[in-house]
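Single-letter residue listing:
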Amino acid sequence: MAWRGWAQRGWGCGQAWAQPAGGRSCEELTAALAPPRLLGRRFNFFIQQKCGFRKAPRKVEPRRSDTGTSGEAYKRSALIPPVEETVFYPSPYPIRTLVKPLFFTVGFTGCAFGSAAIWQYESLKSRVQSYFDGIKADWLDSIRPQKEGDFRKEINKWWNNLSDGQRTVTGIIAANVFVFCLWRVPSLQRTMIRYFTSNPASKVLCSPMLLSTFSHFSLFHMAANMYVLWSFSSSIVNILGQEQFMAVYLSAGVISNFVSYVCKVATGRYGPSLGASGAIMTVLAAVCTKIPEGRLAIIFLPMFTFTAGNALKAIIAMDTAGMILGWKFFDHAAHLGGALFGIWYITYGHELIWKNREPLVKIWHEMRTNSPKKGGGSK
């Protein structure tokens, strides 16, 4: 063992397949430099084994984030975070990756509409009490001395001047702003990429389908989406109501992400997606389908107006072309999925889902009626 270590340290034999400088093999270098007593047959055989059969260490290359058939690296859009260093894990059986997202989409949509039906029941039940509480509050305000410059009173005045739709989407906008601020924290980048970007090649598949709906990395992307949501909020809430709108909006975010998953798996163009565009496309498509003769305008070009029906047709045509041609600036599959879901829900879904909620409401009513009251018992 001592001779082996000395020979390896002295001449560096066995480190790689390449020959030493000067074009001489490792065996010739040993014969030229070694003392005569080391040139026995057994030692020469040992040197040949070490020099001839030891492989060079293999260089491990990191996996790319894009595993498409083209082999090119994923070209990042300006609207998504830099994820070039993120390792994705595409399944060798891509269709199997859609099983869990499919069950999550169906289950979450059912829970969303069921919760909305119960929420509406509780809201209707408490409106009478709220009415009397409001009368009492107005009477107390009339006999109390008025305070000038009360900040809380100004906030309440501003809040009461908002429409029902604007008050409904205020919480959605606040959630999007909060998540946008989390993206600015460097220590949270890995967590945000894992849970707030949807990608069928990621280890986490289901929860990002919902969380990414409230996630924006670009300030311009978030501002544009929230402006469109604020603009259509009054119309969509007047059509659907507050509770039904929330169920449609949350379900639309999950459904549009599932359509994006299907498109990415089918084409092999994996990559992260985020933003509320899919859900907002559902809102826009629902309003345009319900009011096709309404007049719309582009924010930067208010002098040009067009009908809502024509605008919806143009958006669907553009997203269809983007999905087929593989445009990567937007997730066109998610946009198209959200728009088609909005059209379907206004045309058929409202009759099939929302108007058939009565059995669930009756079950909830019986549970509330038969439940024992707090502090009391059966006699």
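Residues numbered from 1 in each chain as written. Predicted model: local features only at pLDDT ≥ 70, side-chain atom pairs only at ≥ 80, totals over all residues. Heavy atoms only, no water.

A. Inspection of the overall build of the protein at higher detail. When helices and strands are tallied, the protein shows 14 helices and two strands. The proportion of buried residues among the 379 residues of the protein is 39%. Residue pairs in contact within the protein that sit at least 24 positions apart in sequence constitute 72% of those at least 6 positions apart. As displayed, the protein has an accessible area near 23700 Å², and 62% of this comes from carbon and sulfur atoms. (Helix = DSSP H or I, 4+ residues; strand = E, 2+ residues; numbered from the N terminus. Buried < 20%, exposed > 50% of the residue type's maximum accessible area, 1.4 Å probe, protein only. Contact = heavy atoms within 4.5 Å. Areas by Shrake-Rupley, 256 points an atom, 1.4 Å probe, with all protein chains shown as cover.)

B. Summary view of helix α11 (residues 277-290). Taking 1.5 Å per residue, 14 residues should reach 20 Å; α11 reaches 20 Å between its end C-alpha atoms and fits that length. Burial analysis of α11 places 12 of its 14 residues in the buried class, which makes it a mostly covered element. Among the residues of α11, Ser277, Gly278, Ala279, Ile280, Met281, Thr282, Val283, Leu284, Ala285, Ala286, Val287 and Cys288 are the ones counted as buried. Contacts from the buried residues of α11 go to α9 (219-240), α10 (242-267), β1 (295-298), α12 (308-325) and α13 (332-352). (Expected span 1.5 Å × (residues − 1).)

C. How the structure looks around the packing of helix α6 (residues 164-183) against α10. Relative orientation of the contacting elements α6 and α10 amounts to 35°, with a least axis distance of 10 Å. In the crossing of α6 with α10, the sense of the turn from one axis to the other is right-handed. Side by side, α6 and α10 meet where Thr168, Val169 and Ile172 of the first sit next to Gln242, Phe245, Met246 and Tyr249 of the second. The residue makeup of the contact of α6 with α10, split by class, is five nonpolar, two polar and no charged. (Axes fitted to C-alpha atoms, helices over the stretch in contact; angles between N-to-C directions. Left-handed = near helix turned anticlockwise from the far one by under 90°. Nonpolar A, V, L, I, M, F, W, Y, C, P; charged D, E, K, R; others polar.)

D. Inspection of the packing of aromatic side chains at higher detail. Considering all chains together, one arrives at nine aromatic pairs under this definition. Between phenylalanine 341 and tryptophan 344, the ring centres sit 6.2 Å apart and the planes meet at 25°, which makes this aromatic pair stacked. On the criterion of helical spacing, the pair formed by phenylalanine 341 and tryptophan 344 is a turn pair, its members being three residues apart in helix α13. With 6.2 Å between their ring centres and 40° between their planes, phenylalanine 341 and tyrosine 345 make a pair best called tilted. Of this pair, phenylalanine 341 and tyrosine 345 both sit in helix α13, four residues apart, which is roughly one turn of that helix. The class for phenylalanine 341 is buried, based on a relative accessible area of 11%. When its relative accessible area of 1% is taken as the criterion, tyrosine 345 is described as buried. (Phe/Tyr/Trp six-rings, centres within 6.5 Å; stacked < 30°, edge-to-face > 60°.)

E. Inspection of the environment of alanine 321 at higher detail. Structurally, alanine 321 can be placed in helix α12. Assessed through its relative accessible area of 27%, alanine 321 is described here as partly exposed. Here the alpha-carbon distance between alanine 321 and histidine 332, two residues 11 residues apart in the chain, equals 8.5 Å.

F. Highlighting the pattern of salt bridges. Counted according to the given criterion, the structure contains three salt bridges. Among the ionic pairs, arginine 368 bridges to glutamate 122, the shortest N-O distance being 2.3 Å. Separated by 246 residues along the polypeptide, arginine 368 in helix α14 (residues 358-370) and glutamate 122 in helix α4 (residues 99-143) bring together distant segments of the chain. Exposure remark for arginine 368: the relative accessible area of 34% places this residue in the partly exposed category. A salt bridge links lysine 355 to glutamate 351; the shortest N-O distance between them is 3.1 Å. (Salt bridge = Lys/Arg side-chain N within 4 Å of Asp/Glu carboxyl O.)

G. Representation of the packing of α10 against α11. Interaxial distance between α10 and α11 falls to 7 Å at its minimum, and their mutual angle equals 130°. Judged by the angle between their axes, α10 and α11 are oblique. In the crossing of α10 with α11, the sense of the turn from one axis to the other is right-handed. Residues Phe245, Val248, Tyr249, Ala252, Gly253 and Ser256 of α10 touch α11, and the partners they reach there are Gly278, Ala279, Ile280, Thr282 and Val283. Looking at the contact of α10 with α11 residue by residue, the classes come out as seven nonpolar, four polar and no charged. (Parallel < 35°, antiparallel > 145°, perpendicular 65-115°, else oblique.)

H. Fine view of the side chain of threonine 197. With respect to the element layout, threonine 197 can be found in the loop between α7 (189-195) and α8 (207-211). For threonine 197, a relative accessible area of 2% corresponds to the buried category. The residues contacting threonine 197, other than those within four sequence positions of it, are Pro81, Trp183, Met192, Pro208, Ser212, Pro272, Ser273 and Leu274.

I. Expanded view of the UniProt feature "transmembrane region" (unreviewed entry) in the protein. Mapped onto this numbering, the UniProt entry annotates "transmembrane region" (unreviewed entry) at residues 102-121, 165-183, 204-224, 244-262, 298-317 and 329-347. Taken as a whole, residues 165-183 contains 100% helix and 0% strand, while its terminal C-alpha atoms sit 28 Å from one another. End C-alpha to end C-alpha, residues 244-262 measures 27 Å, and it is 100% helix and 0% strand. (UniProt positions renumbered as here; feature names shortened; annotations may be inferred.)

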